[in-house]
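Residue-level structure breakdown
Listed here are the chains, written in short residue letters.
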Amino acid sequence: MGQHVLKLALEEGFIPDDTIAIDATHFEARDQAPAKQGKIKEAPKKRGRKAKHEREAWLLQQQLEEEQKSIFDKKIADLLPESYEKLRQQMPIAPEWGIKCNSEGKNFYWYRYKGHLAVGTQSQYILGALLSSGNMNDGKAAIALLKGIKAQFLQYAFNYATMDAGYDYEPIYEEIRKTKADAIIAYNPKA
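Predicted model only: the values in this text are computed from it and were never measured. (Residues numbered from 1 in each chain as written. Predicted model: local features only at pLDDT ≥ 70, side-chain atom pairs only at ≥ 80, totals over all residues. Heavy atoms only, no water.)

This next bit is on the overall build of the chain. A count of helical and extended segments in the chain gives 5 helices and 6 strands. Taken from the N to the C terminus, the helices and strands of the chain come in the order α-β-α-α-β-β-β-α-β-α-β. Across its three principal axes, the chain shows a C-alpha extent of roughly 65 × 40 × 35 Å. Residues counted as buried form 32% of the 191 residues belonging to the chain. Long-range contacts, defined here as pairs at least 24 residues apart, represent 60% of the contacts in the chain between residues at least 6 apart. Only carbon and sulfur atoms are counted for the fraction: they give 52% of the accessible area of the chain, which is about 13200 Å². Side chains of the chain carry 28 positive and 26 negative charges; the gap between the two charge centres is 9 Å. (Helix = DSSP H or I, 4+ residues; strand = E, 2+ residues; numbered from the N terminus. Buried < 20%, exposed > 50% of the residue type's maximum accessible area, 1.4 Å probe, protein only. Contact = heavy atoms within 4.5 Å. Areas by Shrake-Rupley, 256 points an atom, 1.4 Å probe, with all protein chains shown as cover. Lys, Arg positive; Asp, Glu negative; His and termini not counted. Charge placed at Lys NZ, Arg CZ, Asp CG, Glu CD.)

Shown next as structure tokens:
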């Protein structure tokens with residue numbers, strides 16, 4: 001129903017926006033947070049360079065572990081070739097612990113979900129929305145939102161995409177360039 005209304009609004013000219021804004025917010029989970037489990041102490045790692053046969057086995061193990069990861073456990077750049085439908089279907093949606101630094105410089109923890117929105121800055125229409133786990137990186141959801149806008153509204157073209165410093169990743173700029181738009185993203189020094 002919502003998609004139909006947005007398509008009609010686009011056809012009728014109610015969405016004249018040339019700029020979209022993308023950001024995320026957290027939603028409280030009604031589920032009780034699971035009990036914190038103690039960390040398992042691992043044996044200390046051997047210092048120095050690995051022997052050649054050990055290194056080859058280690059590299060093979062790393063490659064196997066990387067192949068078994070889900071899409072959203074990989075790097076942001078690995079999301080670029082994926083389709084919007086696949087990203088939407090595989091997005092983690094169970095509540096998880098999230099962490100964010102508040103304005104006083106202290107860490108704020110929550111057991112919640114995250115809502116990711118793409119909004120037209122002039123009309124205030126929500127052009128894309130996704131729900132994810134509370135610990136998901138905002139940049140990964142931004143790529144899915146941008147792909148969703150492009151896939152669902154073929155006739156809609158925006159010129160600018162604005163985001164905060166949490167979205168300052170090269171793959172996001174690349175995805176925005178694919179839509180022939182410019183990115184206005186606050187610089188993040190990644191200190």
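The structure having been displayed, the exposition proceeds.
Side-chain pairs of opposite charge can arise whenever the charged atoms involved come near each other. A complete count under the given rule lists 8 salt bridges for this structure. Across the pair Lys69 and Glu66 runs a salt bridge, and its minimum N-O distance is 3.3 Å. In this structure, Arg177 engages Glu170 in a salt bridge whose closest nitrogen and oxygen atoms are separated by 2.9 Å. When its relative accessible area of 48% is taken as the criterion, Arg177 is described as partly exposed. For Glu170, a relative accessible area of 47% translates into the label partly exposed. (Salt bridge = Lys/Arg side-chain N within 4 Å of Asp/Glu carboxyl O.)

Where strand 1 (residues 19–28) lies against strand 3 (residues 107–120), 9 bridges are found, and the strand directions are antiparallel. Looking at strand 3, one finds that Thr25 is bridged to Gly115. With 6 bridges connecting them, strand 2 (residues 96–101) and strand 3 associate as antiparallel partners. Each bridged residue has a counterpart across the sheet, and for Gly98 the counterpart in strand 3 is Trp110. (Pairing = 2+ DSSP bridges.)

The subject of this paragraph is the environment of Tyr84. When you line up the elements, Tyr84 lands in helix 3 (residues 84–90). Setting aside chain neighbours within four positions, we find Tyr84 in contact with Leu130, Ala144, Lys147, Gly148, Ala151 and Gln152. Of note is the side chain of Tyr84, whose polar atom sits 3.0 Å from the side chain of Gln152. (Polar contact = N/O pair within 3.5 Å; in protein donor to acceptor, adjacent residues only side chain to side chain.)

Two elements, strand 5 (residues 160–163) and strand 6 (residues 182–185), share 4 bridges in a ladder whose sense is parallel. The partner of Tyr160 across the bridge, within strand 6, is Asp182.

Our next topic: the side chain of Asp17. Structurally, the position occupied by Asp17 is in the loop between helix 1 (2–12) and strand 1. Buried within the structure, Asp17 lacks any salt-bridge partner; Lys7 is the closest side chain of opposite charge, at an N-O distance of 17 Å. A distance of 2.7 Å separates a polar atom in the side chain of Asp17 from the backbone nitrogen of Gln122. What Asp17 contacts, discounting residues up to four positions off in sequence, is Gly120, Thr121, Gln122, Ser123, Tyr156 and Ala157.

Together, Lys45, Lys46, Arg49, Lys50 and Arg55 make up a region of like positive charge exposed at the surface. By secondary structure assignment, the location of Lys50 is in the loop between strand 1 and helix 2 (52–68). (Patch = residues over 30% accessible without salt bridge, like charges linked within 9 Å, V, L, I, M, F, W, Y side chains within 5 Å.)

A contiguous nonpolar surface patch, about 360 Å² in accessible area, is contributed by Trp97, Ile99 and Tyr109. Checked against the element boundaries, Trp97 lands in strand 2.

This brings us to the environment of Tyr167. Tracing the backbone shows Tyr167 in the loop between strand 5 and helix 5 (170–178). A C-alpha to C-alpha distance of 9.8 Å links Tyr167 and Ile143, two positions 24 residues apart in sequence. Those residues in contact with Tyr167, other than ones at most four positions away along the chain, are Ile22, Asp23, Ala24, Asp138, Gly139, Ala142, Ile172 and Ile185. A polar atom in the side chain of Tyr167 sits 3.4 Å from the backbone nitrogen of Ala24.

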